[in-house]
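Residue-level listing of the chains:
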Amino acid sequence: MKSLSYNHEDDRCYGAVGMAIGMVIFDGEEYLDSVNIDAETDELVSLSSSFYFAGSPSFSAKAVWTRMLNNFNLMTAMVISNALCRTIVHEKMPVRYEIKQQLHDIIAAEAFETCSLEKDELERLFDKNYNYLFHVFNHHAVQDIAHSMAQQLKQSRSMSRTEVLEQLRALSLI
């Protein structure tokens, strides 16, 4: 079974680029702080402190739940986008069942812990997000954007929020 761990520097670049694309596609760019391929694996994409919303007694339970679900959806987009960008865009390979299953298992564990989602809710959310992102990363224009950003990221080693959004601005034209 292929691991989801990074195999080399290019793999890290495409994984980070995929996560950034996922954040933008899912309208989470406000939480994007920076991208750094020299950072620890779980810190390649740095998120703003507002992403780590802990809630407040002054917010309604519905507002807190909506925010938690939105953040979970963004995290799901990042995890799936990381793997799809590395596999489809960089390796130019189809996504193997084992990879999809590993993604599902990672997201399922988080769904139950973070949001207490029921199995059927998780399945719907995972399938919807996976299928949408699968089509996104199979789009030639998205692949061109990903290649360009990965090349720049490899050269510069890190990119600020502004630089990332500038690179991904073309996504809004697709």
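Bear in mind the structure is a predicted one, so any value in this text is a computation, not a measurement. (Residues numbered from 1 in each chain as written. Predicted model: local features only at pLDDT ≥ 70, side-chain atom pairs only at ≥ 80, totals over all residues. Heavy atoms only, no water.)

Before going further, it helps to spend a moment on unusual backbone geometry. Although it is not a glycine, Ser-116 sits at a positive phi angle of roughly 55 degrees. The backbone phi angle of Arg-157 is positive, close to 75 degrees, even though this residue is not glycine. By secondary structure assignment, the location of Arg-157 is in the loop between helix 5 (140–156) and strand 3 (158–160). (Helix = DSSP H or I, 4+ residues; strand = E, 2+ residues; numbered from the N terminus.)

It is worth spelling out the packing of helix 3 (residues 97–115) against helix 4 (residues 119–137) at this point. Across the interface, helix 3 lies against helix 4 with an axial gap of 10 Å and an inter-helix angle of 135 degrees. One finds that helix 3 runs oblique with respect to helix 4. Relative to helix 4, the crossing made by helix 3 is right-handed. Contact residues: helix 3 offers Lys-100, Leu-103, His-104, Ile-107, Ala-108, Ala-111 and Phe-112, while helix 4 offers Lys-119, Leu-122, Glu-123, Phe-126 and Tyr-130. Tallied by class, residues from the contact of helix 3 with helix 4 come to eight nonpolar, one polar and three charged. (Axes fitted to C-alpha atoms, helices over the stretch in contact; angles between N-to-C directions. Parallel < 35°, antiparallel > 145°, perpendicular 65-115°, else oblique. Left-handed = near helix turned anticlockwise from the far one by under 90°. Contact = heavy atoms within 4.5 Å. Nonpolar A, V, L, I, M, F, W, Y, C, P; charged D, E, K, R; others polar.)

Note: strand 1 (residues 32–36) against strand 2 (residues 45–47), three bridges, orientation antiparallel. Residue pairing for strand 2: Val-35 is matched across the bridge by Val-45. (Pairing = 2+ DSSP bridges.)

All told, the structure shown has eight salt bridges when counted by the stated rule. The structure contains a network of salt bridges with shared partners spanning Glu-9, Asp-38 and Arg-157. (Salt bridge = Lys/Arg side-chain N within 4 Å of Asp/Glu carboxyl O.)

Here the focus is the environment of Asp-11. When you line up the elements, Asp-11 lands in helix 1 (residues 9–25). In this structure the C-alpha to C-alpha distance between Asp-11 and Leu-125, which are 114 residues apart in sequence, comes to 26 Å. Beyond its immediate chain neighbours, meaning those up to four positions away, Asp-11 contacts Ser-5, Tyr-6, Arg-86 and Glu-91. Polar contacts involving the side chain of Asp-11 include one to the main-chain amide nitrogen of Asn-7, which spans 2.9 Å. (Polar contact = N/O pair within 3.5 Å; in protein donor to acceptor, adjacent residues only side chain to side chain.)

Quick look at the packing of aromatic side chains now. Counting across every chain of the model gives five aromatic pairs. Plain terms: the ring middles of Phe-51 and Tyr-52 are 5.3 Å apart, the flat faces sit at 90 degrees to each other, and that makes the pair edge-to-face. For Phe-51, a relative accessible area of 10% translates into the label buried. Relative accessible area serves as the criterion here: at 56%, Tyr-52 is assigned to the exposed category. For the ring pair Phe-126 and Tyr-130, a centre distance of 5.7 Å and an interplane angle of 25 degrees mean the geometry is stacked. (Phe/Tyr/Trp six-rings, centres within 6.5 Å; stacked < 30°, edge-to-face > 60°. Buried < 20%, exposed > 50% of the residue type's maximum accessible area, 1.4 Å probe, protein only.)

Turning our attention to the nonpolar core. In terms of nonpolar packing, the biggest core is built from 54 residues, with Val-17, Ile-21, Val-45, Leu-84, Phe-137, Val-164 and Leu-168 touching the most fellow members. Listed by contribution, the elements that provide at least two residues to this core are helix 1, strand 1, strand 2, helix 2 (61–90), helix 3, helix 4, helix 5 and helix 6 (161–168). Sort the elements by how many residues they give to this core and helix 2 lands first, with 10 residues. Look past the residues within four positions of Phe-137 in its chain and what remains in contact with it is Gly-18, Ile-21, Ser-81, Leu-84, Cys-85, Ile-88, Val-89, Val-142 and Gln-143. (Core = buried A, V, L, I, M, F, W, Y, C linked by side-chain atoms within 4.5 Å.)

Here we come to the sheet that holds strand 3. The sheet built from three strands is open, its strands ordered 2-1-3 with antiparallel pairing. Looking at strand neighbours, the two that pair on one side only are strand 2 and strand 3, the edges of this open sheet. Across the sheet, the mean angle separating the axes of adjacent strands is 20 degrees when strand polarity is ignored. Of the strands in this sheet, strand 1 and strand 3 are in contact with helix 6, which crosses strand 3 at around 90 degrees.

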